Amino acid sequence: AAKFSSYTDAVRANILAGGDSCCRGVFIGALFAAEGGMQSIPPAWRSRTKQLSEMRQLVNRMLTRRSGTVAVTSRSAVSALTGRSR
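Residues numbered from 1 in each chain as written. Predicted model: local features only at pLDDT ≥ 70, side-chain atom pairs only at ≥ 80, totals over all residues. Heavy atoms only, no water.

Student: It is not clear to me how the packing of aromatic side chains should be interpreted in this structure. Could you clarify?
Tutor: We describe a pair of aromatic rings using the distance from one ring centre to the other and the angle between the two ring planes. Tallied over the full model, the rule gives two aromatic pairs. Geometrically, the ring pair formed by Tyr7 and Phe32 is edge-to-face, given 6.0 Å between the ring centres and 75° between the ring planes. Here Tyr7, found in helix H1 (residues 7–17), pairs with Phe32, found in helix H2 (residues 21–36); they are 25 residues apart in sequence, far enough to count as distant. Just as Tyr7 is buried, Phe32 falls in that class too. With a centroid separation of 5.7 Å and 70° between ring planes, the pair formed by Tyr7 and Trp45 is classed as edge-to-face. Of this pair, Tyr7 sits in helix H1 while Trp45 sits in helix H3 (residues 43–47); the two residues are 38 residues apart in sequence, bridging distant segments of the chain. The class for Trp45 is partly exposed, based on a relative accessible area of 25%. Every member of this aromatic cluster is reached through a ring pair, and the members are Tyr7, Phe32 and Trp45. (Phe/Tyr/Trp six-rings, centres within 6.5 Å; stacked < 30°, edge-to-face > 60°. Helix = DSSP H or I, 4+ residues; strand = E, 2+ residues; numbered from the N terminus. Buried < 20%, exposed > 50% of the residue type's maximum accessible area, 1.4 Å probe, protein only.)

By themselves, these are just geometric observations and shouldn't be taken as functional.
Here you go:
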């Protein structure tokens with residue numbers, strides 16, 4: 001995430017690099033989400049993401065299922081995945 005100033009720039013560079021862009025794309029998304037939360041992803045991209053609310057609900061269930069505590073230690077990662085603060 002340090003080389004690119006935005007999620008959009010990183011995703012576009014990944015696409016242009018060719019090769020296994022899918023696996024790199026997953027990693028890029030994880031890095032930017034951990035660093036800057038959902039706000040890293042442009043609103044227009046989020047609005048076109050199918051089942052975004054269902055994915056957030058699933059993440060909430062996974063995070064709270066582990067003995068009722070959140071297993072993720074980064075506050076920005078928790079808010080990125082769940083839309084809430086710890």
